[in-house]
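If you want the building blocks of each chain, they are given just below.
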Amino acid sequence: MCTGKCARFVGLSLIPLSLICIVANALLLVPNGQITWTKDHLSLQVWLMAGFIGGGLMVLCPGISAVRAGGKGCCGAGCCGNRCRMLRSVFCSAFGMLGAIYCLSVSGAGLRIGPRCLMHGSWDYHFQHTAGSYLLNRTQWSSCAQPPRVVYWNVTLFSLLVAASCLEILLCGVQLVNASIGVFCGDCRKKEGAPH
């Protein structure tokens, strides 16, 4: 596969993943679809905005850069082909990988610690000492009285962020290698249109 076609494929995969992360993070701000608890009762991992900043905006940048790198180069099929855009994509992919790693680490911590909720009359991280074992014991989930169904909400959305950020790390890594090859070898598509 040409480096340009590969870059376009990776970019078109990263863009929807970044949008999924942004939406998932936005939903974490409104437990159970309500804004009642947003001001004082959300966990730190929600406020760190890992899905919005890390898996979202920081990955949207390499996604757009990869799509652009998959287009016609700044010099067309001549002197440098697509090398300029591929070089930019190398740096953007490294930046996106850092964002995806940030999203993965914060979302993983959010899953392990659990949500901040009202249980037995106090607001706290009641599952943080379970080392994530509460994830396998759904009978404990209903112990959180407020916000309603917050454990289901957090587990679903943080799991989605973990899965999306893992895919983003993989795709940014692929584009990092692909763009590096593109910088040194150019885009093979310039040869396809060349006269024989």
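Rules of the game
- Residues numbered from 1 in each chain as written.
- Predicted model: local features only at pLDDT ≥ 70, side-chain atom pairs only at ≥ 80, totals over all residues.
- Heavy atoms only, no water.
- UniProt positions renumbered as here; feature names shortened; annotations may be inferred.
- Phe/Tyr/Trp six-rings, centres within 6.5 Å; stacked < 30°, edge-to-face > 60°.
- Buried < 20%, exposed > 50% of the residue type's maximum accessible area, 1.4 Å probe, protein only.
- Helix = DSSP H or I, 4+ residues; strand = E, 2+ residues; numbered from the N terminus.
- Lys NZ or Arg CZ within 6 Å of the ring centre and 35° of its normal.

As recorded in an unreviewed UniProt entry, the protein chain goes by the name Transmembrane 4 L6 family member 5 isoform X1, listed as coming from Tursiops truncatus. If you open the UniProt record of the protein chain and go to Subcellular location (unreviewed entry), you find "Membrane". Listed in UniProt under the heading Sequence similarities (unreviewed entry), the comment for the protein chain reads: "Belongs to the L6 tetraspanin family."

Enquirer: Looking at this model, I keep getting lost on the packing of aromatic side chains. Mind explaining?
Expert: Within a pair of aromatic rings, the relevant descriptors are the distance that separates the centres and the angle that separates the planes. One pass over the full model with this rule turns up 2 aromatic pairs. With a centroid separation of 4.7 Å and 15 degrees between ring planes, the pair formed by Phe 127 and Tyr 134 is classed as stacked. A single burial state applies to Phe 127 and to Tyr 134, both of which are buried. With a centroid separation of 4.9 Å and 80 degrees between ring planes, the pair formed by Trp 141 and Tyr 152 is classed as edge-to-face. A residue pair is termed long-range when its members are at least 10 positions apart, and Trp 141 in the loop between strand E2 (122–124) and helix H5 (150–185) and Tyr 152 in helix H5 qualify at 11 residues. What makes Trp 141 buried here is its relative accessible area of 5%. We classify Tyr 152 as partly exposed; its relative accessible area is 31%. It is Arg 149 that lies over the ring of Tyr 152; its NZ or CZ is 4.7 Å from the centre.

Enquirer: How should I be thinking about the UniProt feature "transmembrane region" (unreviewed entry) in the protein chain in this particular structure?
Expert: Those places that UniProt annotates as "transmembrane region" (unreviewed entry) correspond, in this numbering, to residues 9–30, 42–61, 90–113 and 151–171. Note that residues 9–30 is 91% helix and 0% strand, and that its end C-alpha atoms are spaced 33 Å apart. Secondary structure across residues 90–113 comprises 100% helix and 0% strand; the distance between its end C-alpha atoms is 35 Å.

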